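Topology and contacts: notes
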Amino acid sequence: MADGRWSIAVHGGACRIPAALQVPRREGCAAALEAGRSILERGGGALEAVKTAVCLLEDDPLFNAGRGSVANADGEVEMDAGIMDGATLDVGAVACVRFLYNPVEAAHAMLREPPILLVGAGAEAFARAHGIAECKEAMRPAAPCGSGHDTVGCVARDREGHVAAATSTGGLAGTLAGRVGDAPLPGCGFYAEDGIGAVSLSGDGEAIARTLLAARVMRALETMNASAAAAAIFKPMARLGAEAGVILLDRDGAIGIAHNSPHFAAAYAREGLAPVSAIVWDNEHAR
Ligand code: ASP
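What counts, and where the lines are drawn
Residues numbered from 1 in each chain as written. Predicted model: local features only at pLDDT ≥ 70, side-chain atom pairs only at ≥ 80, totals over all residues. Heavy atoms only, no water. Core = buried A, V, L, I, M, F, W, Y, C linked by side-chain atoms within 4.5 Å. Buried < 20%, exposed > 50% of the residue type's maximum accessible area, 1.4 Å probe, protein only. Helix = DSSP H or I, 4+ residues; strand = E, 2+ residues; numbered from the N terminus. Pairing = 2+ DSSP bridges. Polar contact = N/O pair within 3.5 Å; in protein donor to acceptor, adjacent residues only side chain to side chain. Contact = heavy atoms within 4.5 Å. Expected span 1.5 Å × (residues − 1). Near = heavy atom within 4 Å. Areas by Shrake-Rupley, 256 points an atom, 1.4 Å probe, with all protein chains shown as cover. Nonpolar A, V, L, I, M, F, W, Y, C, P; charged D, E, K, R; others polar. Axes fitted to C-alpha atoms, helices over the stretch in contact; angles between N-to-C directions.

1. Brief notes about the nonpolar core
In terms of nonpolar packing, the biggest core is built from 48 residues, with I8, V10 and I83 touching the most fellow members. Looking at which element gives the most residues to this core, the answer is helix α2 (residues 46-59), with eight residues. Among the nonpolar cores identified, the runner-up in size contains 23 residues, and I196, L201, A229 and L248 belong to it.

The structure is reproduced here in structure tokens:
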């Protein structure tokens, strides 16, 4: 299974990106990709690469995750994140957290613990007990960029052939307090399994969860190439009149990227190939 080639992709959300933000978002994705890429290049693991890349995107106020999170209907930030180790099928996720700079770090710390998802104060207490940086005051909402969904995510395959996925979000602007979307739910906003591949999504969280979109993409990856598997998002999203974008890689590290949103900031790199970043992606299998 391990052919020794690493592979990585990151995304900064499926949405309409205002003109002034198109280059900065693309550059933000390229910077996160580079952080993950250098870990894999040095022989590091897929899990470490996805956590590091997503932390960087959470730290970038241009993306709706971590510091860039938008406000819910009460004017407050509630963040969700999930991460999965394809080698062990361990999952860690947090939801509705308000006091963490990097929700994906708390999710990562949960990987080897029995619960797969902790919410709110429980998740924050867990993070505190594991020495994860907390903000003194609840995270303040970023000004909405008028672009809808800007969740972040990463998938990676290391030289050992292990895969991992992570997704992190500030949710959808203006939703009810306590609302949780697809991002921290395995099989919905992310999934990873060695021998099959890894996937991270962005878009209308309720529609993604109702159609188990990550699970569908994983099933497609069992029999199709990466590009065809990415196209598995189109029918379920069209059925619900919803938007989504997906990054994935297959067991060998081949990358697939697809979206039915106007833009999808994303970037990928594969050992031996130059990195690529863009905000619009063609999928030959689209529709
Ligand atoms: N999927 C995320 C959610 O519904 C939003 C996004 O992708 O930006 O919470």
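2. Here's the deal with the pairing of strand β7 (residues 190-193)
Taking every second residue as pointing to the same face, the buried face of β7 carries F190 and A192, while none of Y191 and E193 on the other face is buried. As paired strands, β7 and strand β8 (residues 197-203) are joined by four bridges and run antiparallel to one another. Counterpart to Y191 in the pairing with β8 is V199. Remark: three residues form the turn of the hairpin made by β7 and β8, two consecutive strands paired antiparallel; G195 in that turn has positive phi of roughly 85 degrees.

3. Considerations on the side chain of S69
Residue placement: S69 occurs in the loop between α2 and β2 (79-85). A polar atom in the side chain of S69 sits 2.8 Å from the backbone oxygen of G66. Apart from residues lying up to four places away in sequence, S69 is in contact with F63, N64, V77, M79, R140, P141, A142 and G170.

4. A closer look at helix α1 (residues 19-41)
Taking 1.5 Å of rise per residue, 23 residues should cover 33 Å, and α1 covers 33 Å from first to last C-alpha, within 8% of that figure. Of the positions making up α1, those classed as buried are L21, R25, G28, C29, A32, L33, A35, G36, R37, I39 and L40. Looking at the buried side of α1, the elements it contacts are β1 (7-15), α2, β5 (152-157) and β11 (263-270). Once α1 ends, the next one or two residues include G43, with phi positive near 95 degrees.

5. What about the site of the ligand?
Taken together, 11 residues are adjacent to the ligand, and T151, R179, D182, S202 and G203 come closest. Interatomic distance of 2.6 Å between a side-chain N/O atom of D182 and a nitrogen atom of the ligand. Separating an oxygen atom of the ligand from a backbone N or O atom of G205 is a distance of 3.0 Å. Relative to its unbound accessible surface of 260 Å², the ligand loses 100% to contact with the protein. Looking at the shell around the ligand, its residues break down into one nonpolar, seven polar and three charged.

6. Topic: the sheet that holds strand β3 (residues 90-97)
With mixed pairing, the eight strands of this open sheet are ordered in space as β4-β3-β2-β6-β5-β1-β11-β12. Bordering the open sheet on either side are β4 (117-119) and β12 (276-278), each of which pairs with just one other strand. When strand polarity is set aside, the average angle formed by the axes of neighbouring strands in this sheet is 5 degrees. Of the strand pairs in this sheet, β5 and strand β6 (residues 163-169) are connected by six bridges, and their pairing is antiparallel. Across the sheet, V152 pairs through a bridge with S168, a residue of β6. Across the face of the sheet, α1 comes into contact with β1, β5, β11 and β12 while running at roughly 155 degrees to β1. In this fold helix α4 (residues 120-129) packs onto β3 and β4, with an angle of close to 110 degrees to the strand it touches most, β4.

7. Structural notes on the pairing of β1
When you tally the buried positions in β1, you get nine out of nine residues, the bulk of the element. Relative to β5, β1 runs antiparallel, the two being bridged by five bridges. Of the residues in β5, the one forming a bridge with H11 is G153. When β1 meets β11, the two strands line up antiparallel, connected through seven bridges. What sits directly across from I8, in β11, is A269.

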